[in-house]
Structures are given as C-alpha cells and as structure tokens.
Amino acid sequence: MGRENDDLIICRCEEITLGEIRQAIKYGAVDCTGVKRRTRAGLGFCQGRTCEVLVQRIIAQEIGKKPSEIAPSNDRPPVRPLLIKVLEGKEE
Amino acid sequence: MKKRYDVIIIGGGVIGCTLAYFLSRASIDVALIEKGDIASGTSSGCDGNILISDKQPGVDTFLTRESQKLFEQLSFDLPYDFEYMQRGSLLTIESKEEMEIASSFVEQQKKDGYPFRIISLDTLKAQEPHVADDLLGAVEIDCDSAVNPMLFSFATAKKAGENGVDILKDCSVRNINLGKSGGVKEVVTDLGTFRTEKVVNCAGVWAPEIGKMVGINIPIKPRQGQLLVTETTFQVVKRKVMEFGYMMAKFGSGEYKRDVSPDLEKLGIAMVIEPTMSGNFLLGSSRAFVGFNKTISIEVMQGIVRRMVRFFPALRTVNIIRAYAGLRPYVEDHLPIVSAVDRVPGFFIAAGHEGDGIGLAPITGRIMQELLLDKEPPVPFEHLSFSRFK
C-alpha cells in the first residue's frame, strides 16, 4: 500500500478509493464484478454507471491487460432507480 | 501448487471456503479448487442471514444455533471484517390463524431451550415503527445474526491461503479418477492432475455434476430466488423482519393458506427485509424451480414489492436500485448433505443447504473437518447422511 493517489475516490456513491480497488485486485479480483464484490465499488445509487469505466482501466493497468479485455460487471435491472410505488403498479 | 494433497475441496463458495479455513489449522496439505472466483455463485446471490427463526424445530434449529455460536467466535478469530452483526429477528403475524400456529411453534422452540417469544403489536411498533398498523404482533428471536456472505467467504479463503491452503481459482474439475479398490485416487483439473485420497464436494447447485464423475446421483436441484436492493434511506427496520408465512412458503403450508393472490403463491413470494451494514435494505423473497435460470422477472419484482408494502407501507417512497437472483441448492427434506459416501471411499459431500448455506457454513465445516480427520464430529450428524437417499 501507500502508492501514489491511493486516497483518490473512484466510486463516488460508495466512497471507494483507488487504494481499496488496488488491494481488491491484489487479493484476486480480475474483473469489475470481482472488484465490486470485494469493495462495493459500483454498488451505490448509480450502480457503477459513473465509475465502472475507471474501475475497468485500473484493473487493466494493475494486471497488465487492455481495458477492453476486462469484463464489465453483470447488468442488473432496473436500468435506473425505480420508486417502489411505481413498481407496485397501483394507484393508492 | 503441489502434485499431491491430503484433501481437495471442490467449490469456493461459502461452504468450501469455511471448510478450507478449518482444515488450514490442521497440519495437512489442502487445495481448494474453484471454477470461477471465490463466492461467485450462490454465495453472492443471496442474503447473509444466520437465523433460527425460520428453521424447523429439532435438528434444523439445533445445527443453526451451533453455527451462530461459531460465527461469533469467527468474528474474533478471523483478521478480516465480514460485517457480523447480532441484532435478532422478527416474524410478523398477520392473522389469528398465524397467531395460533406461531404460538405452538414458539412453545416447542422454548421447550427446546431457544430464546423465542411472542410480542404484541404495541411492542412491535415500539421496536419497528414502520410496520403496518393491522398486524397482530410478532415472534421475536434475540440470538439471530447476519454477515456479509461475500466478505465472509473472502475472509475465510484469504486466511486459509495464508495458513497454507492452495486456493486454485478459474480452475474447473474435469474428472475424478478412482483407484482399483474404487476409492478416490486423482482429481483432473484445468491446472493439471492432482493425487489425493480425499475429495469434498462443496459445489452447491453444481454438486450433482461432480457426483456424476464418481458415478453417484446427488439429489440437489436449483431453487431460484430473487432479491431487490433499496437505495440507502431512512431506517425502515432495525433488524431482520420476515412474515411468519415465510415458513409456509419454504416448507409447504399444510392446512393454512395466507391471504395472498394466487400469483404470489405461485411465485413463492414471502416478505423478508434485511438491513445491511451499508445502509441499503434487501427485500425478498421468491422461490421457483426454473433450472439454472437466473433471469430477473418483472412479475417477481412486482410481487415482492406488493407483499413488502403490505407490511411496510412507508417503503412506497423508496427507490429500488438493483435486483439479483441466486440458486439455492435444494434438497427435498430441507436438510443439507454433510457426509461420507460409503460406495466411494474418500468421496465426501458438503452441499444442499438450500437457503441456509451461509448460516450453516461453520457447523458444516466443523462436522466435515472431523470426518476428514477421522475424529468424532462435535454434534450429531446422522440426519445429514448421504445414505438417507435410496
């Protein structure tokens, strides 16, 4: 630890830093899903729509691959946050 | 990586990782083989409950209670945080019939020495102000706890690795070769062939595939469940809350039927809400036999929130940010298989925990550890034997 910019925040929703993401990679994460499960990066309100590309680039850099070779995290519904009363689908 | 191991564990979910950790404290050579990443199957498609509240009286409750004690110990022993919390749980009661069934259930559990009690609506409201006004009360269980299942799997795997277990990820098992006497001899994998005389099948819903490699039929099938995640919001609940009718959805209901639509009944929907350390709430639950399909369906999402707002109307103004599905390794009698296999010396099974794999992982690991080391397991385990299936 203690590398340059380690305290830089990458996932703003969950306040996950570059250092935490690097540590998750050190402990075996090789794709965005692996980082997400270990750190919560990409599990906040925006569901990784802001940080995922950054996470992909960080993994690529750390393990010496191209960003396009790093699997993005699994897509999960809903596409954007959805109010429960809307999903419920009835008028009160 | 070695050429020969004393024990090879197949499967890096919560069961395999916990067993790896326990075995790592003995002086034997152990490898854990996982086809993907640690906790990438059912152990990341679930919630993190360690509940005796939703167990059948008897062995089911006993094993979970023993597991709860082990989790508490592990929260001190393991150097990595896994968000252990002991906050208890509540089963909401919504009808007179449920109250009757709940009362005899609570009496039975109290007689067996477990901390169950029935609380009135007023007491319930004082604890959980957001519950609906027309409930009759709840069953309260103080000893129930929860963990983050992924962090727990990572913590046990990491510590096992530090203690000398070889954790081989992205490595599929292709075959298991038996020796002339019919016992386990070799495990053939993507990373080569390893000699071993003991294999533990911790492959959960994939355990039958591994069983086929040694010619046995393991009666586990995937029972899909879907969960919704809310945004971080006000404190909807302080502890785990589920409807008493959850038990009926899980075990089949006998005479009593909940007052729900046929659709909800068909989708196996029962209300469960779990607070998490991160401030989000997990909402469930559903049950369906749809093979290995993990697709989220809008019908189930809708069914879950409709049942949810019946108990917590205040949730209507909260956002869902995510939905996911997992596959429970279901066994018909709702008990896991933690056992040697008589026909194949050296072949062991620790799988089939349905929705209780997280909760039962430590006691499963302890039983299996002793079986593998030819010692007496810490609790009776004959109900979990593979020989109970014909």
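Since the structure is predicted, the reported quantities are computational estimates derived from the model, not experimental observations.

Describing the environment of Asp75(A)
Residues and elements named next belong to chain A.
(1) Moving on: Its place among the elements puts Asp-75 in the loop between helix H3 (52-63) and strand E3 (82-83).
(2) Moving on: Judged by its relative accessible area of 74%, Asp-75 falls in the exposed class.
(3) Moving on: Along the chain, Asp-75 and Gln-47 lie 28 residues apart, while their C-alpha atoms are 9.4 Å from each other.

A short note on helix H1 (residues 18-26) of chain A
Residue and element names in this part refer to chain A.
(1) Moving on: Among all positions in H1, only Leu-18, Gly-19, Ile-21, Arg-22, Ala-24 and Ile-25 are buried.
(2) Moving on: Packing partners of the buried residues in H1 comprise strand E1 (9-11), strand E2 (16-17), helix H2 (32-39) and H3.
(3) Moving on: Two residues or fewer past H1, Gly-28 is found with a positive phi of approximately 115°.

A look at the domain arrangement of chain B
Residue and element names in this part refer to chain B.
(1) Moving on: In terms of domain boundaries, chain B breaks down into domain 1 (7-45 + 150-219 + 333-388) and domain 2 (89-142 + 221-330).
(2) Moving on: Each of domain 1 and domain 2 has a C-alpha centre, and the two are 31 Å apart.
(3) Moving on: Every contact between the two is made by 13 residues of domain 1 and, on the other side, 14 residues of domain 2.
(4) Moving on: Overall, the association of domain 1 and domain 2 removes approximately 1,200 Å² of surface from exposure, summing both partners, and the carbon and sulfur fraction of that is 60%.
(5) Moving on: Three residues stand out in domain 1 for area buried against domain 2, namely Val-205, His-334 and Glu-354, and they jointly supply 49% of the buried area on that side.
(6) Moving on: Our enumeration of links across domain 1 and domain 2 arrives at 2 salt bridges.
(7) Moving on: Scanning the region where domain 1 abuts domain 2 turns up 5 residue pairs in polar contact (both at pLDDT 80 or more).
(8) Moving on: Taken together, the residues of the side of domain 1 that touches domain 2 sort by class into 3 nonpolar, 8 polar and 2 charged.

Describing the interface of chain A and chain B
(1) Moving on: Opposite the 24 residues of chain A that make contact, chain B presents 31 residues.
(2) Moving on: When the buried area of chain A at its contact with chain B is split by residue, Arg37(A), Ile84(A) and Leu87(A) rank highest and sum to 28% of it.
(3) Moving on: Viewed at the interface, chain B and chain A are joined by 2 salt bridges.
(4) Moving on: Across the pair Asp37(B) and Arg38(A) runs a salt bridge whose closest N-O atoms are separated by 2.8 Å.
(5) Moving on: Residue assignment for the side of chain A that touches chain B shows that the elements contributing at least two residues are H2, E3 and helix H4 (84-88) of chain A.
(6) Moving on: Here the side of chain A that touches chain B is composed, by residue class, of 10 nonpolar, 5 polar and 9 charged.
(7) Moving on: The pairing of E3(A) with strand E19 (residues 319-330) of chain B spans 2 bridges and is antiparallel. Residue pairing for E19(B): Leu82(A) is matched across the bridge by Ile320(B).

What about the sheet that holds strand E21 (residues 347-351) of chain B?
All names here are of chain B.
(1) Moving on: Reading across from one edge, E10-E3-E2-E14-E21-E20 is the order of the 6 strands in this open sheet, with mixed pairing throughout. Looking along the sheet, the strands with just one partner apiece sit at the ends: strand E10 (166-168) and strand E20 (337-340). Adjacent strand axes in the sheet meet at a mean angle of 15°, parallel and antiparallel pairs treated alike.

Some words on the sheet that holds strand E12 (residues 184-189) of chain B
Residues and elements named next belong to chain B.
(1) Moving on: One open sheet holds the 4 strands; their spatial order is E1-E13-E12-E11, and the pairing between them is mixed. Looking along the sheet, the strands with just one partner apiece sit at the ends: strand E1 (4-5) and strand E11 (173-178).
(2) Moving on: Pairing between E12 and strand E13 (residues 192-196): 4 bridges, direction antiparallel. When the sheet's bridge partners are listed, Val-187 is paired in E13 with Phe-194.

Section: the packing of aromatic side chains
All names here are of chain B.
(1) Moving on: Under the criterion given, the structure shown has 9 aromatic pairs over all chains.
(2) Moving on: Each ring, one from Tyr-21 and one from Phe-22, has its centre 5.7 Å from the other, and the planes form 45°; the classification is tilted.
(3) Moving on: The exposure class assigned to Phe-22 is buried, which follows from its relative accessible area of 3%.
(4) Moving on: Cluster of aromatic residues (ring-pair linked, three or more members): Phe-71, Phe-82 and Phe-152.
(5) Moving on: Across from the ring centre of Tyr-80, 4.3 Å away, lies the NZ or CZ of Lys-158, which sits over that ring.
(6) Moving on: The ring of Phe-311 carries Arg-310 above its face, with NZ or CZ at 4.9 Å from the centroid.

With respect to the side chain of Asp166(B)
(1) Moving on: Within the secondary structure layout, Asp166(B) lies in strand E10.
(2) Moving on: In this structure, Asp166(B) is in contact with Met1(B), Lys2(B), Tyr5(B), Val30(B), Ala31(B) and Leu32(B), ignoring residues within four places of it in sequence.

Here is what the cut-offs are and how they apply
- Residues numbered from 1 in each chain as written.
- Chains lettered and ligands numbered in written order.
- Predicted model: local features only at pLDDT ≥ 70, side-chain atom pairs only at ≥ 80, totals over all residues.
- Heavy atoms only, no water.
- Helix = DSSP H or I, 4+ residues; strand = E, 2+ residues; numbered from the N terminus.
- Buried < 20%, exposed > 50% of the residue type's maximum accessible area, 1.4 Å probe, protein only.
- Contact = heavy atoms within 4.5 Å.
- Domains from an automatic or database assignment.
- Buried area = accessible area lost by both parts, 1.4 Å probe.
- Salt bridge = Lys/Arg side-chain N within 4 Å of Asp/Glu carboxyl O.
- Polar contact = N/O pair within 3.5 Å; in protein donor to acceptor, adjacent residues only side chain to side chain.
- Nonpolar A, V, L, I, M, F, W, Y, C, P; charged D, E, K, R; others polar.
- Pairing = 2+ DSSP bridges.
- Axes fitted to C-alpha atoms, helices over the stretch in contact; angles between N-to-C directions.
- Phe/Tyr/Trp six-rings, centres within 6.5 Å; stacked < 30°, edge-to-face > 60°.
- Lys NZ or Arg CZ within 6 Å of the ring centre and 35° of its normal.

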